[in-house]
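Report on the structure
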Amino acid sequence: MMKNTITKTKLTGRKYHINDTSQGNFVEDKTLINDIVEKYKDNFPRVYGVPRSGSTLLRNILNTIFDGNIKVQKHDYFTTDTKVICSYRDFRDSTISQWRIQKAGFDTEKNAKIATFGNIEYNAGRIKNQAGTLKQFKDTYSSNQVYFARYENYHDNFNNLCDDLEEFLDIEIKSQLRNFLQNAWNKERVKKVYSDSLGAFVGYDEQTENHGQHIYKGKVGTWKELLREEDHKTLNEFFQKELLEWGYKI
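Residues numbered from 1 in each chain as written. Predicted model: local features only at pLDDT ≥ 70, side-chain atom pairs only at ≥ 80, totals over all residues. Heavy atoms only, no water.

What follows concerns the sheet that holds strand β2 (residues 15-20). Spatially, β1-β2-β6 is the arrangement adopted by the 3 strands of the open sheet, whose pairing is mixed. One side of each edge strand has no neighbouring strand; the edge strands of this open sheet are β1 (6-10) and β6 (204-205). Two elements, β2 and β6, share 2 bridges in a ladder whose sense is parallel. Bridge assignment links Lys-15 to a residue of β6, and that residue is Tyr-204. (Pairing = 2+ DSSP bridges. Helix = DSSP H or I, 4+ residues; strand = E, 2+ residues; numbered from the N terminus.)

Given below as structure tokens:
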């Protein structure tokens, strides 16, 4: 029998400490990150994310790179002198994901529910407002101060993200660190260690901010599976402006 490497300790309220003895979240070899931390020690980057766009994943990747110095992502506009990294995803996927978590309450395919546009309209409105916030960062900050991390480009392979972060932050993310990031934050591990360890919004892990039922599939285009086909056109029209602006096909 395989030994269980995951332990769960309740702290206060909904806060838990989840520990995976088989894989840590921070590198033991600090030579991999010392230069990065030193470069930004007085001005660490900040993270904004459209809800349900992979912003928790993005923040955790960055938090590993910066050895625990990246604060939890924000979902509101903010001003700062430091570098900003924004997370976004196909707004249709963000919408269906938020509906799944907040209203439908499932995280397995066998329990999946199919939504109508009426079911998700409230969530679509909230995500549309967040798309406006995302655009505010785009319109306000210069390209050398803000980087936009598109979930579809890195969710299953972090090398593209690491390449872009190296250029944007003027740092080196060594191959050993890249391998560690992939082992620590791949979807399978996050789902097993965090998402499946707690009930839906029963609690969250204090370190990573991952909560119960955080991940369903994490793949691209899930909205097509969970929204009835006759409502696809309505959702496309609802987000037409935002989808075109951020390079998504309708």
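The subject of this paragraph is the packing of aromatic side chains. Counted according to the given criterion, the structure contains 16 aromatic pairs. With 5.2 Å between their ring centres and 70 degrees between their planes, Phe-78 and Phe-137 make a pair best called edge-to-face. Of the two residues, Phe-78 is situated in the loop between α2 (55-65) and β4 (84-88) and Phe-137 in helix α4 (residues 117-140); the sequence distance between them amounts to 59 residues. In terms of burial, Phe-78 and Phe-137 fall into one category: buried. Taking 5.8 Å as the distance between ring centres and 35 degrees as the angle between the ring planes, the aromatic pair formed by Tyr-147 and Phe-168 counts as tilted. With Tyr-147 in strand β5 (residues 146-150) and Phe-168 in helix α5 (residues 159-169), this residue pair connects regions lying 21 residues apart in the sequence. (Phe/Tyr/Trp six-rings, centres within 6.5 Å; stacked < 30°, edge-to-face > 60°. Buried < 20%, exposed > 50% of the residue type's maximum accessible area, 1.4 Å probe, protein only.)

Ile-61, Ile-65, Phe-66, Tyr-154, Leu-165, Leu-181 and Trp-185 are the most contacted members of the largest nonpolar core, which has 40 residues in total. When contributions to this core are tallied by element, the ones reaching two or more residues are β2, α1 (34-40), α2, β5, α5, α6 (175-185) and α7 (187-195). Discounting residues that sit within four places of it in the chain, Tyr-154 has contacts with Gly-54, Leu-57, Leu-58, Ile-61, Ser-87, Ala-149 and Leu-161. Membership of the second largest hydrophobic core comes to 30 residues, among which are Tyr-48, Trp-223, Leu-227 and Leu-235. (Core = buried A, V, L, I, M, F, W, Y, C linked by side-chain atoms within 4.5 Å. Contact = heavy atoms within 4.5 Å.)

All right, on to the sheet that holds β5 then. If you walk across this open sheet you meet the 3 strands as β3-β4-β5, and the pairing is parallel. Of all strands in the sheet, those with a lone pairing partner are β3 (46-49) and β5, marking the two edges. Each strand of the sheet is rotated relative to its neighbour by a mean of 25 degrees, with strand direction disregarded. Relative to β5, β4 is paired through 5 bridges, and the arrangement is parallel. Directly across from Cys-86, in β5, lies its bridge partner Phe-148. Docked against the sheet, α5 engages β4 and β5, running at close to 175 degrees with respect to β5. (Axes fitted to C-alpha atoms, helices over the stretch in contact; angles between N-to-C directions.)

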